[in-house]
Amino acid sequence: MVSFYKILVFIHIFSAILGMGPGFILTTVVKSGKNMTELRHSYSIRHRLHIFVMVGGILLLMTGLGMGFLNPSLFQMGWYVTSLVLFLAALAIGPLVLSPRSKPVKALLESHKGEEIPEEYWSLSKILFRFENLENVIFIIIISLMILKPF
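As the structure is a prediction and not an experimental result, all values here were calculated from the model.

1. Thoughts on the layout of surface pockets
Thinking step 1. The space that makes up the largest pocket amounts to roughly 930 Å³.
Thinking step 2. Around the largest pocket, the lining comprises 35 residues; the ones closest to its centre are Leu26, Arg46, His50, Met54 and Leu98.
Thinking step 3. At the level of elements, helix H1 (4–31), helix H2 (36–70), helix H3 (78–111) and helix H4 (119–148) are the ones that each hand at least two residues to the lining of the largest pocket.
Thinking step 4. Of all the elements, H2 adds the most residues to the lining of the largest pocket, at 13 residues.
Thinking step 5. Grouping the amino acids of the lining of the largest pocket by side-chain chemistry returns 17 nonpolar, twelve polar and six charged.
Thinking step 6. Forming the walls of the second largest pocket are 22 residues, and the residues nearest its centre are His12, Leu60, Met67, Trp79 and Met146.

Structure follows, in structure tokens:
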């Protein structure tokens, strides 16, 4: 018989794949736009992918904490606690850092007329993408900790 804990592990792993996988390509998707029409379409695709990231992230947190409550010794493992702290930090980056930096980009995409991508977009997106890349590095560290369990 499959235990509830094993079901949580299964959901946790699938949530990581379905949630984090698309998260790693969010920046790449919008870098492919060569004009405003393509850029707007890229951001539309990005928005739809972000839904998977949010659902996967919520499931990751819930199943990760659930596994910890079922196996409290996890809260004494350095890799688990570090992963949890990093994950919470990465979640906080969204509304505290990414959202304020994406609003001017979204406003520019809505208001700009013509097909030429304005220079302002490149400076705004460069800052946004830098923080998104930082978040991706955090997720790579978390994944590494989950796999290696080094401490």
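2. What about the packing of aromatic side chains?
Thinking step 1. Within this structure, the stated rule accounts for seven aromatic pairs.
Thinking step 2. Each ring, one from Tyr43 and one from Tyr121, has its centre 6.3 Å from the other, and the planes form 85 degrees; the classification is edge-to-face. Linking Tyr43 in helix H2 with Tyr121 in helix H4, this pair joins segments that are 78 residues apart in sequence.
Thinking step 3. Aromatic pair Phe75 and Tyr80: ring centres 5.2 Å apart, planes at 90 degrees, arrangement edge-to-face.
Thinking step 4. Looking at Phe75, the relative accessible area reads 34%, which means it is partly exposed.
Thinking step 5. Here Tyr80 falls in the buried class, since its relative accessible area comes to 5%.

Rules behind the numbers
Residues numbered from 1 in each chain as written. Predicted model: local features only at pLDDT ≥ 70, side-chain atom pairs only at ≥ 80, totals over all residues. Heavy atoms only, no water. 1 Å grid on protein atoms, 1.4 Å probe; cavity = no way out; pocket = protein on both sides within 12 Å on 5 of 7 lines; lining within 4 Å. Points joined across faces, edges and corners; volume = space filled by probe spheres on them. Helix = DSSP H or I, 4+ residues; strand = E, 2+ residues; numbered from the N terminus. Nonpolar A, V, L, I, M, F, W, Y, C, P; charged D, E, K, R; others polar. Phe/Tyr/Trp six-rings, centres within 6.5 Å; stacked < 30°, edge-to-face > 60°. Buried < 20%, exposed > 50% of the residue type's maximum accessible area, 1.4 Å probe, protein only.

Read these as layout, nothing more, since geometry by itself doesn't imply function.
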